[in-house]
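Residues per chain are reported as follows:
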Amino acid sequence: NVPESRIDYVYKVVVIGDSAVGKTQILSRFTKNEFYFDSKSTIGVEFQTRTVTIKGKVIKAQIWDTAGQERGALGAMLVYDITKRQSFDHVARWVEELRAHADNSIVIILIGNKADLVDLRAVSTEDAVEFAEDQGLFFSETSALNGDNVDSAFFRLLEQIYSVV
Ligand code: GDP
Ligand code: MG
């Protein structure tokens, strides 16, 4: 635990996307390195925090797991499920939602979660890369279940926020 006095910046980040894509699990993987097989345990928790060091600065990420918290957010993780085509088809709507309710300068990373479910893949990496490039979003595929790329995705987002604010 880092004392408040050592924190240089607090960055508000939102995790959004369709229901059941793994938003809550990505958040608990990043903040607690845990995956809840009984995911009811996070009900009622509005945000989680993790303090990281980026380029020598101590940054507390305050990460909200609720739609409707876009105001004041510096970053967004927009999550779809690589096994659910519909959750990817809805991503454009979530981008509109962010552009309407968040600051123009918000940094967005598109996340294809559940990358461990290789046999059930319904969205190709190429389609997602193309969409992300079109929209000017960062992109990563993650697995909250085994932890793949979760930290690196958050770090890319936080580093980009650091370089633009
Ligand atoms: P949310 O509604 O977006 O917050 O989704 P949850 O985090 O509650 O996850 C929805 C379901 O997907 C739960 O049954 C999770 O255990 C499961 N899940 C979440 N992330 C992953 C993942 O990376 N891999 C797999 N296989 N299942 C996941
Ligand atoms: Mg959830």
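Residues numbered from 1 in each chain as written. Chains lettered and ligands numbered in written order. Predicted model: local features only at pLDDT ≥ 70, side-chain atom pairs only at ≥ 80, totals over all residues. Heavy atoms only, no water.

Enquirer: What exactly am I supposed to notice about unusual backbone geometry here?
Expert: With the exception of glycine, most residues fall at negative phi, and the peptide bonds are largely trans. Despite not being glycine, Asn 33 has its phi angle at roughly 50°, a positive value. Counting through the fold element by element, Asn 33 comes out in the loop between helix H1 (23-32) and strand E2 (47-54). (Helix = DSSP H or I, 4+ residues; strand = E, 2+ residues; numbered from the N terminus.)

Enquirer: Sorry, what's going on with the site of ligand 1 here?
Expert: Around ligand 1, 16 residues are found, and the nearest of them are Ala 20, Lys 23, Lys 114, Asp 116 and Ala 144. A distance of 2.7 Å separates an oxygen atom of ligand 1 from a polar backbone atom of Ala 20. Here an oxygen atom of ligand 1 sits 2.9 Å away from a polar atom, N or O, in the side chain of Thr 24. In isolation ligand 1 has 570 Å² of accessible area, and contact with the protein removes 78% of it. Looking at which element gives the most residues to the shell around ligand 1, the answer is H1, with three residues. Considered class by class, the residues forming the shell around ligand 1 number six nonpolar, six polar and four charged. (Near = heavy atom within 4 Å. Polar contact = N/O pair within 3.5 Å; in protein donor to acceptor, adjacent residues only side chain to side chain. Areas by Shrake-Rupley, 256 points an atom, 1.4 Å probe, with all protein chains shown as cover. Nonpolar A, V, L, I, M, F, W, Y, C, P; charged D, E, K, R; others polar.)

Enquirer: When you look at the packing of aromatic side chains in this model, what are you seeing that I'm missing?
Expert: What characterises a pair of aromatic rings is the spacing of the ring centres plus the angle enclosed by the ring planes. Following the criterion strictly, the structure yields eight aromatic pairs and no others. Where Tyr 9 meets Tyr 11, the ring centres are 6.1 Å apart and the plane angle is 20°; that geometry is what we call stacked. Residue classification places Tyr 9 among the partly exposed positions, given a relative accessible area of 36%. An aromatic cluster is present here, built from Tyr 9, Tyr 11 and Tyr 162 joined pairwise through their rings. Positioned over the ring face of Trp 64 is Lys 12, at 5.4 Å from the centre of the ring. Lying across the ring of Phe 30, Arg 50 places its NZ or CZ 4.4 Å from the centre. (Phe/Tyr/Trp six-rings, centres within 6.5 Å; stacked < 30°, edge-to-face > 60°. Buried < 20%, exposed > 50% of the residue type's maximum accessible area, 1.4 Å probe, protein only. Lys NZ or Arg CZ within 6 Å of the ring centre and 35° of its normal.)

Enquirer: Which parts of the structure should I look at to understand the nonpolar core?
Expert: Side chains of a nonpolar character, in soluble globular proteins, are inclined to be buried together. Among the nonpolar cores identified, the biggest contains 24 residues, and Ile 26, Ile 63, Met 77 and Leu 158 are the most heavily contacted of them. When residues of this core are traced back to their parent elements, those giving at least two are strand E1 (9-17), H1, E2, strand E3 (57-64), strand E4 (75-81), strand E5 (107-113) and helix H5 (150-164). When sequence neighbours within four positions are dropped, the list of residues in contact with Leu 158 reads Tyr 11, Val 13, Phe 30, Val 52, Ile 54 and Ala 61. Core analysis: the next-biggest nonpolar cluster, separate from the first, contains 23 residues, Val 14, Trp 64, Ala 76 and Tyr 80 among them. (Core = buried A, V, L, I, M, F, W, Y, C linked by side-chain atoms within 4.5 Å. Contact = heavy atoms within 4.5 Å.)

Enquirer: How should the pairing of E2 be read in this particular structure?
Expert: A regular strand carries its side chains on alternate faces of the sheet. With eight bridges joining them, E2 and E3 adopt antiparallel strand pairing. For Thr 49, the partnering residue across the bridge sits in E3 and is Gln 62. Counting the residues in the hairpin turn of E2 and E3 gives two residues, including Lys 55, whose phi is positive at 50°. (Pairing = 2+ DSSP bridges.)

Enquirer: Teacher, can you tell me more about the sheet that holds E4 here?
Expert: In sheet architecture, strand pairing relies on hydrogen bonds along the backbone and comes in two forms, parallel and antiparallel. Read across the open sheet, the six strands follow the order E2-E3-E1-E4-E5-E6; overall the sheet is mixed. The sheet is open, and its two edges are formed by E2 and strand E6 (138-141), each paired on a single side. When strand polarity is set aside, the average angle formed by the axes of neighbouring strands in this sheet is 25°. For E5 and E6, the ladder comprises four bridges, and the chain directions are parallel. Bridge pairing in E6 links Ile 111 to Ser 140. Taken strand by strand, helix H3 (residues 91-101) contacts E1, E4 and E5, and its axis lies near 165° from that of E4. (Axes fitted to C-alpha atoms, helices over the stretch in contact; angles between N-to-C directions.)

Purely geometric stuff here, so don't read any function into it on its own.
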